[in-house]
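These are the residues of each chain, in order.
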Amino acid sequence: VSLESELGSLTSPATSLTGPATCVTKVELRVSCKALLDRDTLNKSDPCVVLMVQNNGQWVELDRTEVIKSNLHPVFGKVFCLDYYFEEVQKLRFEVYDIHGTHSIGTRDDDFLGGMECTLGQIVAQKKMVKPLLLKYGKYAGKSTITVHAEEISGNNGYVELSFCAKKLDDKDLFSKSDPFLEIFRINDDGTEQLVHRTEVIKNNLNPVWEPFKVSLMSLCSCNEERKLKCLVWDYDSRGKHDFIGEFFATFREMQKISSGNKVLWDCMNPKYKQKKRNYKNSGVVILTDLKLHRVYSFLDYIMGGCQIHFTVAIDFTASNGDPRNSCSLHYINPYQPNEYLKALIAVGEICQDYDSDKRFSALGFGARIPPNYEVSHDFAINFNPDDDECEGIQGVVEAYQNCLPKIQLYGPTNVSPIINRLAKVAAGDGNIKDASRYHILLILTDGVVTDMADTREAIVRASYQPLSIIIVGVGNADFTDMQILDGDDGVLRSPKGEPVLRDIVQFVPFRDFKTASPAALAKCVLAEVPGQVVEYFSHKAIPPMSPMRELLSPILSPVATTPTE
């Protein structure tokens, strides 16, 4: 889940740090400082924090916070959103600068207020990291400290878009009207307050309408609807001495009442005025004008909601595999060791079977002459039952494979489009159900480059519109270069007429790359992209999980595609 905090003129959008490995999760970082050095003669420093990341030994700027005027204890509204890789050391550096108007950062030595280095892993492990700021040569920057809060954005999270306005705010300015902005703080379990969002400033207006903004539910209320939110309205002062207009307390549950047509508004109260003035009513009213809640579903949300993954295996029985009775054949049945077809089938099938409640798998063959007439078939049930091609469990598939070998004649050519079209048709039937009840995985095991490449490309483009993922494992030592075309990793796969796939649904790997590795390594590689493909399909169709584990009471939920963390 990538949070895009549209934080107006005081803030800027969140930033993603990406890398080559599999992203475990996404992390939001929030920054504040205390006791910064005062570099300005007349005013206090105007601090800004620059986030640097180390790439190939070089520090490069990733993003920066807003500038907070005349403040030695700034709490920044900017949210940094980073991908977190468990298996990598991700070095970060936070540098604090006193910004002078249009001067670029780092042009003068006295602009630098201190820096701190750490790894993202350290921040994540501590959740809240407080460190002293250091000047050049490791010298302490007085008593200056920087605090970095980390929050994981979990898969079963979402984000909310909020729109606020205010009416009849107190006028704090002598010669003009107030310049109001709104701050929302989350009150944590330990009583501390965490800035969630700071709006832009609306100049010279006692009835401001602030820009809508998005914030993750984890940030807003730690996914707890009853958590108290403290909201403050200020009159902006360019020297940093903002005038307090008023405050109110809210909860996310209260905010959601807007969905049933209720007005959601709060009296903006100044406690001092309330004590002193007998007829004091409020210092204005803050109104929630719109709330859009977007649920971000993960692969596990769909699985735990009851989505069944139906597994089908298609096995290449072309003559290039060699006579199964010969020990050099790729189909040779060695009583002491499974052949490559069986190894690949078992490695992938054993993981898929956990997601299919009836544990029955379709097992198909192609490229052989089959009984009774010994005509070539590119789409046959290896149990020779055309009415029911399913086998009981992975063991049932293995037995059907071993039993069919003596009964068939290996032939050719290597045509896989008929089986892809067949599965796409079955998946299309499930796709018409309009719920997230079933998704298909087709495992194609083949010893060579497909003969019907044009038809296969066309079939994959058609299949990309259905709840289907295709895994192709190349068995043996053939040159599989042309097969890489089918895997969209090097560019978008297109049909012969130039139509692109709707989704990248094919993963190709040569089995020889995993000959010495564990079966788990092969399964992990070929199945790595499936969770994302499942989420992408149902999100594209705007289909939520059938019975999500945990729902926030909410208005209409719209599923949003997410990079899976599973």
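That block above? That's the structure.
Residues numbered from 1 in each chain as written. Predicted model: local features only at pLDDT ≥ 70, side-chain atom pairs only at ≥ 80, totals over all residues. Heavy atoms only, no water.

When you go through the chain residue by residue, the secondary structure sums to 11 helices and 26 strands. Out of the 566 residues belonging to the chain, those deemed buried represent 54%. About 25800 Å² of surface is accessible on the chain, with carbon and sulfur atoms providing 51% of the total. (Helix = DSSP H or I, 4+ residues; strand = E, 2+ residues; numbered from the N terminus. Buried < 20%, exposed > 50% of the residue type's maximum accessible area, 1.4 Å probe, protein only. Areas by Shrake-Rupley, 256 points an atom, 1.4 Å probe, with all protein chains shown as cover.)

Now for the environment of Ser-70. By the secondary structure assignment, Ser-70 is in the loop between strand S3 (58-64) and strand S4 (80-84). Setting aside its immediate chain neighbours within four residues, Ser-70 contacts Asn-43, Lys-44, Ser-45, Asp-46, Arg-239 and Gly-240. (Contact = heavy atoms within 4.5 Å.)

Moving on, we get to helix H7 (residues 393-404). With 12 residues, H7 extends 17 Å between its outermost C-alpha atoms, agreeing within 8% with the 16 Å of an ideal straight helix rising 1.5 Å per residue. What H7 keeps buried is the set Gly-393, Ile-394, Gly-396, Val-397, Val-398, Ala-400, Tyr-401 and Cys-404. Packed against the buried residues of H7 are strand S17 (308-316), helix H6 (340-352), strand S18 (360-366) and strand S22 (390-392). (Expected span 1.5 Å × (residues − 1).)

Between two packed helices, the angle of one axis relative to the other and the distance separating the axes together describe the packing. One way to put it is that H6 packs onto H7 with a least axis distance of 10 Å and a crossing angle of 160°. The angle between H6 and H7 places the two elements in the roughly antiparallel class. Judged by the sense of rotation from one axis to the other, the crossing of H6 with H7 is right-handed. Seen from H6, the contacting residues are Tyr-341, Leu-342, Leu-345, Ile-346, Gly-349 and Glu-350; seen from H7, they are Ile-394, Val-397, Val-398, Tyr-401 and Gln-402. (Axes fitted to C-alpha atoms, helices over the stretch in contact; angles between N-to-C directions. Parallel < 35°, antiparallel > 145°, perpendicular 65-115°, else oblique. Left-handed = near helix turned anticlockwise from the far one by under 90°.)

Let us now look at the pairing of strand S9 (residues 158-167). S9 sits mainly inside the fold: 9 of its 10 residues count as buried. Alignment of S9 against strand S16 (residues 285-295), held across 10 bridges, turns out to be antiparallel. Looking at S16, one finds that Ala-166 is bridged to Val-286. Two strands pair when backbone bridges link them, and S9 and strand S12 (residues 213-216) are joined in this way by 4 bridges, in the antiparallel orientation. Each bridged residue has a counterpart across the sheet, and for Leu-162 the counterpart in S12 is Phe-213. (Pairing = 2+ DSSP bridges.)

The next subject is the sheet that holds strand S11 (residues 193-198). Sheet strands associate in pairs through backbone hydrogen bonding, adopting either a parallel or an antiparallel arrangement. Reading across from one edge, S11-S10-S13-S14 is the order of the 4 strands in this open sheet, with antiparallel pairing throughout. Looking at the sheet topology across the chains shown, the edges are occupied by S11 and strand S14 (243-250). Going from strand to strand, the sheet's axes swing by 25° on average, the running direction of each strand aside. Inspection of the sheet shows strand S10 (residues 180-187) paired to S11 by 5 bridges, in the antiparallel sense. Within S11, the residue paired with Ile-187 across the bridge is Glu-193.

Summarising the element assignment, Arg-93 is placed in strand S5 (residues 91-98). The class for Arg-93 is buried, based on a relative accessible area of 16%. Taking the C-alpha atoms as reference points, Arg-93 and Cys-118, separated by 25 residues in sequence, lie 6.5 Å from one another. Among all residues touching Arg-93, those that are not within four sequence positions of it are Val-50, Leu-51, Met-52, Trp-59, Phe-112, Gly-115, Met-116 and Glu-117.

Quick look at the sheet that holds strand S20 (residues 375-377) now. The strand order across the open sheet built from 3 strands is S20-S19-S23, with neighbouring strands paired in antiparallel fashion. Both outer strands of the open sheet, S20 and strand S23 (409-410), are each paired with one neighbouring strand and no more.

Next up on the list: the pairing of S11. In terms of burial, S11 is a largely internal element, 5 of the 6 residues being buried. The turn linking S10 back onto S11 is made up of 5 residues, and Gly-191 within it adopts a positive phi angle of 90°.

For the structure on display, the rule yields 24 salt bridges. The residue Arg-64 makes a salt bridge to Glu-61 at a minimum N-O spacing of 2.8 Å. According to the relative accessible area criterion, Arg-64 is partly exposed, its value standing at 31%. The partner of Glu-117 in a salt bridge is Arg-93, and the shortest N-O contact between them spans 3.3 Å. With Glu-117 in strand S6 (residues 112-119) and Arg-93 in strand S5, this pair connects stretches of sequence that are 24 residues apart. Connected via shared salt-bridge partners are Glu-28, Arg-30, Glu-151 and Arg-186. (Salt bridge = Lys/Arg side-chain N within 4 Å of Asp/Glu carboxyl O.)

With that settled, the discussion passes to helix H11 (residues 530-540). Within H11, 9 of the 11 residues are buried, which leaves it mostly tucked inside the rest of the structure. By the burial criterion, the buried members of H11 are Val-530, Pro-531, Gly-532, Gln-533, Val-534, Val-535, Tyr-537, Phe-538 and Ser-539. Of the residues flanking the end of H11, it is Ala-542, one or two places downstream, whose phi is positive at about 55°.

This brings us to the side chain of Ser-437. By the secondary structure assignment, Ser-437 is in the loop between helix H8 (417-431) and strand S24 (438-446). By relative accessible area, Ser-437 is classed as buried at 18%. Among the polar contacts listed, one links the side chain of Ser-437 to the side chain of Asp-435, at a separation of 2.6 Å. Not counting residues up to four positions away in its chain, the partners in contact with Ser-437 are Gly-306, Cys-307, Gln-308 and Met-546. (Polar contact = N/O pair within 3.5 Å; in protein donor to acceptor, adjacent residues only side chain to side chain.)

All right, on to the state of the cysteines then. What is meant by a disulfide is a covalent connection between two cysteines, made through their sulfur atoms. Tallied over the entire structure, the rule returns 0 disulfides. Unpaired in this structure, Cys-268 has its nearest cysteine sulfur neighbour in Cys-231, at a distance of 9.3 Å. (Disulfide = S-S within 2.5 Å.)

Evaluation of the coordinates by the stated rule reveals 16 aromatic pairs. A centroid spacing of 6.3 Å and a plane angle of 40° characterise the contact between Phe-164 and Trp-266, whose relative ring orientation is tilted. Separated by 102 residues along the polypeptide, Phe-164 in strand S9 and Trp-266 in strand S15 (residues 264-267) bring together distant segments of the chain. Considered together, Phe-164 and Trp-266 belong to a single accessibility category, that of buried residues. Ring pairs connect the aromatic residues Phe-164, Phe-213, Phe-248 and Trp-266, which therefore count as one cluster. (Phe/Tyr/Trp six-rings, centres within 6.5 Å; stacked < 30°, edge-to-face > 60°.)

Turning next to the nonpolar core. Counting 55 residues, the largest nonpolar core has Phe-311 and Phe-317 as its most contacted members. Considering every element that reaches this core, the biggest residue donor is H6, with 7 residues. One finds Leu-29, Val-31, Leu-51 and Val-53 within the second-largest nonpolar core, a separate group that totals 35 residues. (Core = buried A, V, L, I, M, F, W, Y, C linked by side-chain atoms within 4.5 Å.)

Following the sequence through the fold, Ser-32 ends up in strand S1 (residues 25-34). The spacing of Ser-32 and His-73 is 41 residues in sequence and 7.4 Å in space, taken between C-alpha atoms. Residues in contact with Ser-32, not counting those within four places in the same chain, are Pro-74, Val-75, Phe-76, Thr-145, Ile-146 and Thr-147.

This part covers the side chain of Ser-329. With respect to the helices and strands, the residue Ser-329 is situated in the loop between S17 and H6. Taking the relative accessible area as the measure of exposure, Ser-329 reaches 7% and is therefore buried. One polar contact links the side chain of Ser-329 to the main-chain carbonyl oxygen of Asn-321, over a distance of 3.2 Å. Those residues in contact with Ser-329 that sit more than four places away from it in its chain are Asn-321, Gly-322, Asp-323 and Pro-324.

Remember that the coordinates give geometry; whether it matters functionally is a separate question.
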